[in-house]
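Chain by chain, the residues:
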Amino acid sequence: MPTSVITDGCKSMCGAIATILLGVPHRLCIWHIKTNATTTVHNREFVSAFTHLAKSRISTEEFEIRWESLITKHGLSANKWLRDSNQPRDVSHVTIG
């Protein structure tokens, strides 16, 4: 049994890990998150600010406040990928690398 699993946040992988690897910590890789944001959102300023936010050592509540502010600032409220993807809502689950 692995001691932890690091993925890009793919919904099917997250579901499989939660079902099959019970109790194994699942972390999201910041490199994959940044790459996915770059290819999907096409806004360098947003991606830079998002990467900085994801690397911040802040509470989940503060992350949520800053996340919503970031989405609003860049006019991305209607962006389907940002709303539907498995973004790192709890920053303790992001692995810097």
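Read on for a plain summary of the structure.

Analysis parameters
- Residues numbered from 1 in each chain as written.
- Predicted model: local features only at pLDDT ≥ 70, side-chain atom pairs only at ≥ 80, totals over all residues.
- Heavy atoms only, no water.
- Salt bridge = Lys/Arg side-chain N within 4 Å of Asp/Glu carboxyl O.
- Helix = DSSP H or I, 4+ residues; strand = E, 2+ residues; numbered from the N terminus.
- Buried < 20%, exposed > 50% of the residue type's maximum accessible area, 1.4 Å probe, protein only.
- Phe/Tyr/Trp six-rings, centres within 6.5 Å; stacked < 30°, edge-to-face > 60°.
- Axes fitted to C-alpha atoms, helices over the stretch in contact; angles between N-to-C directions.
- Parallel < 35°, antiparallel > 145°, perpendicular 65-115°, else oblique.
- Contact = heavy atoms within 4.5 Å.
- Nonpolar A, V, L, I, M, F, W, Y, C, P; charged D, E, K, R; others polar.
- Polar contact = N/O pair within 3.5 Å; in protein donor to acceptor, adjacent residues only side chain to side chain.
- Expected span 1.5 Å × (residues − 1).
- Arc of directions from axis to C-beta.

**Overview of the pattern of salt bridges**
For step 1, the next point in the chain: The full count for this structure, using the stated rule, is two salt bridges.
For step 2, the next point in the chain: Residue Glu 45 is joined to Lys 73 by a salt bridge in which the shortest nitrogen-to-oxygen separation is 4.0 Å. Of this pair, Glu 45 sits in helix H3 (residues 44-55) while Lys 73 sits in helix H4 (residues 60-73), and the two are 28 residues apart along the sequence.
For step 3, the next point in the chain: For Lys 73, a relative accessible area of 62% corresponds to the exposed category.

**A word on the packing of aromatic side chains**
For step 1, the next point in the chain: All told, the structure shown has four aromatic pairs when counted by the stated rule.
For step 2, the next point in the chain: Ring plane angle 5° and centroid distance 5.8 Å describe the contact between Phe 46 and Phe 50, whose orientation is recorded as stacked. Remark: Phe 50 and Phe 46 occur in helix H3; sequence separation between them is four residues, near one turn of the helix. For the pair Phe 46 and Phe 50, a shared accessibility class is recorded, and that class is buried.

**Notes on the packing of H3 against H4**
For step 1, the next point in the chain: H4 packs onto H3 with a crossing angle of 175° between their chain directions and a minimal axis gap of 11 Å. Taken together, the axes of H3 and H4 lie roughly antiparallel to each other. Counting all contacts with H3, which are made through Glu 45, Phe 46, Ala 49, Phe 50, Leu 53 and Ala 54, the residues of H4 involved are Phe 63, Arg 66, Trp 67, Leu 70, Ile 71 and Lys 73.
For step 2, the next point in the chain: Of the residues in the contact of H3 with H4, the class split is nine nonpolar, no polar and three charged.

**With respect to the side chain of Ser 56**
For step 1, the next point in the chain: When you line up the elements, Ser 56 lands in the loop between H3 and H4.
For step 2, the next point in the chain: Here the side chain of Ser 56 touches His 52 through a polar contact of 2.9 Å, landing on its backbone oxygen.

**Some thoughts on H3**
For step 1, the next point in the chain: Across its 12 residues, H3 extends 17 Å between first and last C-alpha, which sits within 8% of the 16 Å expected from 1.5 Å per residue.
For step 2, the next point in the chain: Within H3, burial applies to Phe 46, Val 47, Phe 50, Thr 51, Leu 53 and Ala 54. Projected down its long axis, H3 carries its buried residues within an arc of 160°, all on one side. Those residues of H3 that are exposed and aimed more than 90 degrees away from the buried face are Arg 44 and His 52.
For step 3, the next point in the chain: Its side-chain oxygen placed 3.2 Å from the backbone nitrogen of Glu 45, Asn 43 serves as the N-cap of H3.

Read these as geometric descriptors, not functional statements.
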